[in-house]
Amino acid sequence: MRGYRGGAMRSAAGKLLILLSFVWGAVNVLFAQTLVPDSSDIRKELRETWFEAPLSSVRENRTEVRTAKDGNRFQIRLEETDTTFSVVVAPRTEMPVDVYSESGKTTAVQDIYSSSAPGSWLLVRDKRSGNPLRVRYYFAPDSGVYVQFSPHGKSAYGDFVIFGNYCARQVPTGLPFERFYAMPFTDVVNLTKHTLPWRYTVRREGAYDTTLSMIRVIRSRLANLVYADDAMYDENGNPVSILTGAPRRMHAEDAGKMSLSSAGFVKWIADGIVYPMTRGGLKRRPLLEPTVSCDPVGFQGIVSEQYNISFALDWTRNLAAAVFSVATGKTYRYPESGVDMTEDPFAAEMTADGVKNTVGYVKDSGYPASALASLLYVFAAEYPGECYLAAIRETDRKRIPEVHAFNQCAIFFPYFDDAGKFQCAVFRNNAESTLGEFSRMFQGDFIHLVRVRTTATFNPQ
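To keep things clear, this report deals only with the structure shown in the data block. Keep in mind that what you see is a predicted model, and the values were worked out from it rather than measured.

Summing up its helical and strand segments, the chain has 12 helices and 22 strands in all. Every one of the 461 residues in the chain was classed for burial, and the buried ones make up 50%. Counted over contacts in the chain with a minimum sequence separation of 6, partners at least 24 positions apart contribute 62%. Approximately 22400 Å² of the chain is accessible, and the part contributed by carbon and sulfur atoms is 51%.

Ranked by internal contacts, the top residues of the largest apolar core, which has 114 residues, are Phe412 and Leu449. No other element matches the 9 residues that helix 9 (residues 311–328) contributes to this core. Leaving out residues up to four positions away in the same chain, Leu449 has contacts with Val339, Asp340, Met341, Tyr367, Leu372, Leu375, Leu376, Phe379, Tyr388, Leu389, Ala390 and Phe412. Grouped together as the second largest cluster of nonpolar side chains are 9 residues, Ala90, Tyr138, Val161 and Tyr166 included.

The sheet built from 10 strands is open, its strands ordered 1-2-3-6-7-8-9-10-15-16 with antiparallel pairing. This sheet does not close on itself; its edge strands, each paired only once, are strand 1 (64–67) and strand 16 (354–357). For this sheet the average axis-to-axis angle between neighbouring strands, irrespective of direction, equals 25°. Where strand 10 (residues 165–172) and strand 15 (residues 348–351) come together, 2 bridges link them in antiparallel fashion. Bridge assignment links Tyr166 to a residue of strand 15, and that residue is Ala348. Contacts from helix 11 (residues 372–382) reach strand 8 (145–152), strand 9 (155–162) and strand 10, with the element oriented near 90° to strand 9.

The next thing to look at is the environment of Ser40. Inspection of the secondary structure assignment puts Ser40 in helix 2 (residues 40–43). Judged by relative accessible area, which is 7%, Ser40 ranks as buried. Sequence-wise, Ser40 and Tyr181 are 141 residues apart; in three dimensions their C-alpha atoms are separated by 7.9 Å. Residues within four places of Ser40 in sequence aside, it is in contact with Ala182, Met183 and Pro184.

This paragraph deals with the pattern of salt bridges. Taken as a whole and assessed by the stated rule, the structure comprises 18 salt bridges. One salt bridge in this structure joins Asp364 and Arg317, with 2.8 Å as the shortest N-O distance. Of the two residues, Asp364 sits in the loop between strand 16 and strand 17 (367–368) while Arg317 sits in helix 9, which places them 47 residues apart along the sequence. Here the two residues Asp364 and Arg317 agree in accessibility, since each one is buried. Close ionic contact of Lys363 with Asp364 constitutes a salt bridge, the shortest N to O distance being 3.2 Å.

Below, the discussion takes up the pairing of strand 16. Judged from the 4 bridges that link them, strand 15 and strand 16 form a sheet pairing that is antiparallel. The partner of Thr351 across the bridge, within strand 16, is Gly354.

Attention now goes to the packing of aromatic side chains. Applying the stated criterion across every chain, the model contains 27 aromatic pairs. Their ring planes at 85° and their centres at 5.0 Å tell us that Phe412 and Phe438 sit as a pair that is edge-to-face. Highlighted residues: Phe412 in strand 19 (residues 403–416) and Phe438 in helix 12 (residues 435–441), separated in sequence by 26 residues. With a relative accessible area of 0%, Phe412 lands in the buried category. Phe438 sits in the buried class, given a relative accessible area of 2%.

Cut-offs used in this document
- Residues numbered from 1 in each chain as written.
- Predicted model: local features only at pLDDT ≥ 70, side-chain atom pairs only at ≥ 80, totals over all residues.
- Heavy atoms only, no water.
- Helix = DSSP H or I, 4+ residues; strand = E, 2+ residues; numbered from the N terminus.
- Buried < 20%, exposed > 50% of the residue type's maximum accessible area, 1.4 Å probe, protein only.
- Contact = heavy atoms within 4.5 Å.
- Areas by Shrake-Rupley, 256 points an atom, 1.4 Å probe, with all protein chains shown as cover.
- Core = buried A, V, L, I, M, F, W, Y, C linked by side-chain atoms within 4.5 Å.
- Pairing = 2+ DSSP bridges.
- Axes fitted to C-alpha atoms, helices over the stretch in contact; angles between N-to-C directions.
- Salt bridge = Lys/Arg side-chain N within 4 Å of Asp/Glu carboxyl O.
- Phe/Tyr/Trp six-rings, centres within 6.5 Å; stacked < 30°, edge-to-face > 60°.

Next up, the structure:
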């Protein structure tokens, strides 16, 4: 049996690569700062009239636009909610707008001042007391990524947030909160370069080329794939049953197309990775080897005697280990392969009930589906050029006690586009969906991830 990313990742060479990536990443972050519009010289003049004035006075201020020293224009305005009010200092950006008239459609450019665009700065205050709650800096193309600082006694504490999850929370800065009223973003980065995870902002040119190449190839083949239960192709390209290995008869209406089940589909992708090296696909039987055991007297253990409740978990783990083995030329079974993603990059998460500790990785279960966007953002930054086979742990809540089973598979391709915006292609059951659609569909379920390196020589059957 063969596999992908194991002990080598933990070797001295692997650690050196991570260290060099971090050093290079730090340099990239410094360069990226110059692309973030800076409003610090404008904010120096707003303290008395906007930042510290009572709400009644702030409401009397007119929305205004000022030009900063770097030539960027910023709008200063008030925004209110039921319990808070915010002073927004937002940079000008341009948006093409379609204009319809009797003579037809034309495109005009409109100035907008988004409160979450890179370079935006917000001061949020409590409506009842007028006290400051936090200052927020937006710097990334994704509006869900930002740093913020909150007063805590005589000092300010910092948070680093990615899509509602805290990569760092309540990190002491040693500075009075008011210093952030006029602090440039470059100074924020320098102040917190050792305490906040700026490595997640690193972008390396060409790092996602193989990821994008595989996405394009998969998309081009989807029209030739149809879904069928218990369907895969063996190492010789013959249609067989996943459960028995017996030859599978093709339906007449599927002539000329490949029929694949959920598990058969991710194997088809794995086969496309190894085929240029082996001139064949992966064998079926080793992919069914158990990777987890249940307490035989526990409820899950009793159920597992009748049903294979860890099928997709075993399948994806063994697939990833197989790809790694082919790539390294050394046989790795799952236990020594190191393919599981078990990292917990988040300290807390925002919920409807306030900030709570994150669940994080749960052994042999994975991560909550709700954390996928934040998690894959981090993985795309930390491990560019990787994709992730997913085993979906669904819960049968109609049974008492509940039964958890891994029956479905998927694959994620996270990356950053040329504008630095996070993207993720999701494929499941021979079709593509968005990450948001996937997370909503499996809300409340767990998703177990294993890592696979993408390749430019991807060639599926």
